[in-house]
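Residue strings, one per chain:
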Amino acid sequence: MGYRLTSQQFDNYLTQLSIKYQLFAPQRKSGKGSFSDTDLISYGPVTSYEDMELQEKSAYSPKEVFYPIRETLFQFINNKIVEPEIDTKPIILFLRPCDINGIKRLDAMFLKNGSEQDYYYLRRRKLLKFVLIECIEGFDSCFCVSMNANKTEEYDAAIRIEGEEILWKVKDQDLELEELKLGVTQDFEPQFIQENKVKVTIPLVEAVTKETFNHELWKEYTSRCIGCGRCNAVCISCSCFSMQDVQVSKEHNIGERRRVWASCHVDGFTNMAGGHQFRDKNGDRMRFKTMHKINDFYKRFGYHMCVGCGRCDDICPEYISFSKCINKLNEIVMEGQKDE
Amino acid sequence: MNNPYLPKLYKILNIKAETAMDVTYKVEYEGHVIGGQFMEISIPGVGEAPISISDFDDTSMDLTIRKVGRLTDCIFDLKVGDSLFMRGPYGNGFDLNQFKGKDVVIIAGGTGLAPVKNPIRYFANNPSSIKQLEILLGFKTPKDILFPQEIEEWSKQCHVYLTVDQPVEGWEGKTGLITTHVNSLDLSDVDNKVAIVVGPPIMMKFMTLELLKRGFQEENIWVSFERKMSCGIGKCGHCKIDETYVCLEGPVFNYVKAKNLLD
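What counts, and where the lines are drawn
Residues numbered from 1 in each chain as written. Chains lettered and ligands numbered in written order. Predicted model: local features only at pLDDT ≥ 70, side-chain atom pairs only at ≥ 80, totals over all residues. Heavy atoms only, no water. Phe/Tyr/Trp six-rings, centres within 6.5 Å; stacked < 30°, edge-to-face > 60°. Buried < 20%, exposed > 50% of the residue type's maximum accessible area, 1.4 Å probe, protein only. Helix = DSSP H or I, 4+ residues; strand = E, 2+ residues; numbered from the N terminus. Contact = heavy atoms within 4.5 Å. Buried area = accessible area lost by both parts, 1.4 Å probe. Salt bridge = Lys/Arg side-chain N within 4 Å of Asp/Glu carboxyl O. Polar contact = N/O pair within 3.5 Å; in protein donor to acceptor, adjacent residues only side chain to side chain. Nonpolar A, V, L, I, M, F, W, Y, C, P; charged D, E, K, R; others polar. Patch = residues over 30% accessible without salt bridge, like charges linked within 9 Å, V, L, I, M, F, W, Y side chains within 5 Å. Areas by Shrake-Rupley, 256 points an atom, 1.4 Å probe, with all protein chains shown as cover. Pairing = 2+ DSSP bridges. Axes fitted to C-alpha atoms, helices over the stretch in contact; angles between N-to-C directions. Left-handed = near helix turned anticlockwise from the far one by under 90°. Lys, Arg positive; Asp, Glu negative; His and termini not counted. Charge placed at Lys NZ, Arg CZ, Asp CG, Glu CD. Domains from an automatic or database assignment.

**So, the packing of aromatic side chains**
Part 1: Per the stated rule, a full pass over the model turns up 25 aromatic pairs over all chains.
Part 2: Ring centres 5.0 Å apart and planes at 90 degrees place the aromatic pair Tyr119 of chain A and Tyr120 of chain A in the edge-to-face group. For the residue pair Tyr119 of chain A and Tyr120 of chain A, the accessibility class agrees, reading buried in each case.
Part 3: Between Phe297 of chain A and Phe301 of chain A, the aromatic rings sit 4.6 Å apart at their centres with planes inclined by 40 degrees, giving tilted as the arrangement. Pair noted here: Phe297 of chain A and Phe301 of chain A are both in helix α7 (residues 282-301), with a separation of 4 residues, about one helical turn.
Part 4: An aromatic cluster of three or more residues is present, and its members are Phe66, Tyr67, Phe110, Tyr119, Tyr120, Tyr121, Phe241 and Trp261 of chain A together with Tyr5 of chain B.

**Some remarks on the side chain of Asp118 of chain A**
Part 1: Tracing the sequence through the fold places Asp118 of chain A in the loop between α3 (97-112) and α4 (119-125).
Part 2: Setting aside its immediate chain neighbours within four residues, Asp118 of chain A contacts Phe110, Leu111, Phe241 and Arg259 of chain A together with Tyr5 and Lys235 of chain B.

**Here we look at the interface of chain B and chain A**
Part 1: Tallying the contact residues gives 40 residues for chain B and 48 residues for chain A.
Part 2: Together, the buried faces of chain B and chain A total about 3,900 Å²; carbon and sulfur atoms form 59% of this surface.
Part 3: It is Met1, Tyr5 and Lys235 of chain B that lose the most area in chain B upon contact with chain A, and together they represent 18% of the buried surface on that side.
Part 4: The tally of links from chain B across to chain A stands at 5 salt bridges.
Part 5: Of the charged contacts, one joins Lys240 of chain B and Asp296 of chain A as a salt bridge, the two residues approaching to 2.7 Å between their closest N and O atoms.
Part 6: On the surface where chain B and chain A come into contact, there are 23 residue pairs in polar contact (both at pLDDT 80 or more).
Part 7: At the level of elements, β3 (38-43), β4 (47-56), β6 (83-90), β14 (244-245) and α5 (246-249) of chain B are the ones that each hand at least two residues to the side of chain B that touches chain A.
Part 8: Of the residues contributing to the side of chain B that touches chain A, the split by class is 18 nonpolar, 11 polar and 11 charged.

**Some thoughts on the environment of Phe253 of chain B**
Residues and elements named next belong to chain B.
Part 1: Residue position: Phe253 is located in strand β15 (residues 252-254).
Part 2: The spatial distance from the C-alpha of Phe253 to the C-alpha of Lys174 is 29 Å, given a sequence separation of 79 residues.
Part 3: Beyond its immediate sequence surroundings of up to four residues, Phe253 is in contact with Ile221, Trp222, Val223, Phe225, Thr244, Val246, Ala258 and Leu261.

**Thoughts on a nonpolar patch on the surface**
Residues and elements named next belong to chain B.
Part 1: Together, Ile202, Phe206 and Leu209 give the surface a local cluster of nonpolar side chains, amounting to about 290 Å² of exposed area.
Part 2: Structurally, the position occupied by Phe206 is in helix α4 (residues 201-213).
Part 3: Among the residues examined, Phe206 registers a relative accessible area of 40% and is labelled partly exposed.

**Focus: the sheet that holds strand β3 (residues 40-46) of chain A**
All names here are of chain A.
Part 1: With respect to topology, 8 strands assemble into an open sheet ordered β3-β2-β6-β7-β8-β9-β1-β10, the strand pairing being mixed. Edge positions in the open sheet fall to β3 and β10 (184-185), since each of these has one partner strand only.
Part 2: Taken together, the 5 bridges between strand β1 (residues 2-6) and strand β9 (residues 165-170) define a ladder with antiparallel strand orientation. Looking across to β9, one finds that Gly2 is bridged to Lys169.
Part 3: Relative to the sheet, helix α1 (residues 7-20) contacts β1, β2 (22-29), β6 (91-95), β8 (157-162) and β9, its axis offset from that of β1 by approximately 110 degrees.

**A closer look at the packing of helix α2 (residues 113-125) of chain B against helix α3 (residues 148-157) of chain B**
Residues and elements named next belong to chain B.
Part 1: Where α2 meets α3, the axes come as close as 11 Å, and the angle between the chain directions of the two elements is 35 degrees. For the crossing formed where α2 meets α3, the hand is left-handed. Contacts between α2 and α3 involve Leu113, Lys117, Ile120, Arg121 and Ala124 from the former and Glu150, Ile151, Trp154 and Gln157 from the latter.
Part 2: Here the residues of the contact of α2 with α3 are counted per class, giving 5 nonpolar, 1 polar and 3 charged.

**Topic: unusual backbone geometry**
Across the chain, the bulk of peptide bonds are trans and the bulk of non-glycine residues have phi less than zero.
Part 1: Gly88 of chain B connects to Pro89 of chain B through a cis peptide bond whose omega is -5 degrees.
Part 2: Topologically, Pro89 of chain B is positioned in strand β6.
Part 3: Residue Pro251 of chain B follows Gly250 of chain B across a cis peptide bond; omega there is 5 degrees.
Part 4: Tracing the backbone shows Pro251 of chain B in the loop between α5 and β15.
Part 5: The phi torsion at Asp37 of chain A lies on the positive side, around 60 degrees, for a residue other than glycine.
Part 6: Considering the arrangement of structural elements, one finds Asp37 of chain A in the loop between β2 and β3.

**Describing a negative patch on the surface**
Residues and elements named next belong to chain B.
Part 1: A contiguous patch of negative charge on the surface is contributed by Glu28, Glu30, Asp57 and Asp58.
Part 2: You can see Asp57 is positioned in the loop between β4 and β5 (60-66).
Part 3: Classification of Asp57 as partly exposed rests on a relative accessible area of 39%.

**Here we look at the pattern of salt bridges**
In a structure, side chains of opposite charge can pair up when their charged atoms sit close to one another.
Residue and element names in this part refer to chain A.
Part 1: Overall, the coordinates contain 44 salt bridges over all chains when judged by the stated rule.
Part 2: In this structure, Asp314 engages Lys57 in a salt bridge whose closest nitrogen and oxygen atoms are separated by 3.1 Å. Taken together, the residues span a long stretch of sequence, with Asp314 in helix α8 (residues 311-315) and Lys57 in the loop between β3 and α2 (63-66) at a distance of 257 residues.
Part 3: With a shortest N-O distance of 3.7 Å, Lys129 and Asp174 are connected by a salt bridge. With Lys129 in strand β7 (residues 128-133) and Asp174 in the loop between β9 and β10, this residue pair connects regions lying 45 residues apart in the sequence.

**Structural notes on the domain arrangement of chain B**
Residue and element names in this part refer to chain B.
Part 1: Along its sequence, chain B is carved into domain 1 (8-90) and domain 2 (96-258).
Part 2: Distance between the C-alpha centres of domain 1 and domain 2: 22 Å.
Part 3: Listed by partner, the interface residues are 21 residues for domain 1 and 22 residues for domain 2.
Part 4: The interface formed by domain 1 and domain 2 contains 3 salt bridges.
Part 5: Note that Asp55 and Arg121 form a salt bridge whose closest N and O atoms lie 2.6 Å from each other.
Part 6: The interface formed by domain 1 and domain 2 includes 7 residue pairs in polar contact (both at pLDDT 80 or more).
Part 7: For the side of domain 1 that touches domain 2, the secondary-structure elements that each account for two or more residues are β2 (22-28), β3, β4, β5 and β6.

So this is what it looks like as structure tokens:
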């Protein structure tokens, strides 16, 4: 069903939804941006329409809502293992099509890579319902259309902002509440962006050879990339983590094991006991990430990992553009094919 | 819901110093194990690390651990009767059926001997399962030689060539890098010889090149990779090389595959 609601009617609906659900949406955090006098748009808990910032792209992806930056896996109390409980109140997440497609990638990594499912991911993932934020215009750095991630049908409700009013489509009957009846019934089908300003051409998976690994292209990134890992942190599809133990009390033998987000660009990602590491140059790390996003993942799952949200381009302090990197790589691969 | 991250406590049955740096812990363990697999070993509040299984029987497994960091320092404080947290085993391990009836060469550098100790023991105890066994081992110095008694035992059953990079006074064995001793091996009918090569990345790289130069077939060479497996179950991403997860598809790889795994 579709509804046209005033912001007041929508707020009443959200209030009612909040009884059963936690709501998470992009929020404007005033003055919290990277530069002075800039705002940060990132995910947070909301209770009203006013709390949300649905017109802009969030700097950080919604993954932090259900895949915490730092998560306690369990506590050790004198050699007994205690699993911390989590809030099991279901979550309604407001997000764009690229992010819904990104979560499909996270699902692949956590639930389908190898024979074991990731217990901690799954227990939060099960709580999620998606509200699709209609996205027709996109933003300057987006290239979701090229990545085939601009559309999705995997949502429980959809929202369009029309001036002061809200169009709301309900797919999941659990979200069909009495408060909606106060609005006007109006069918609404969310539309999807058809063309981005930025376009990428992904080199054919089988055309990328090992020769590309040693190409000069990556050397440029050795000099430009500072290995800060921001691109990984904001990415909807980056899922790597490290285990981390913390001792709370040595005397009473109390500690905990956590997992924390890890970044393939940051020093130490491959360090083994004894000090050996792989890919010590930042350019090699850029190559590793690029290959994962547009080559390796595809070989395992049949679609690309990158969804073209462009957040890595937005956040990079060195103005490295991932979309440009993909296009440059494609040119190199095409050149290589011509030479043959 | 099954939680694969939860470790269980296992009792330490025996502790044996191999070198000043390496100690073998025999741990109570019942369950299916394949030589070449690894466990995630942990001490609460200190950390977790992948350790290769050096040997096993129906009721126990051996873990040969080198003192290299905070976690292993703490493991070294443990005594017989204490317990260790573990989860696993993970990885594919060596499929010994692949070597049935073959002429087998096992080449190991340093702690690389640990993951192949079980296959060596199996072949040495079951000589009829293969045609011939030769073992080429390299260590930094005589003090670094792992499993000296076992090597002695193996020498009675097959050819063992042992070299050290840096000899000390009184050392009467072979010296020099392991790669310079390939000639010691029986290289007749090299087309049908099967090799297992395990050691530091640089050693594996040059040893496999050396074997290929001598006429070994790519598909007859097996290697075992060491990477920073943080989860062991294909989620954490640390051991990924290209589209391959060392913890899932490895750590044992045929050279045909391994040669294309570029970090």
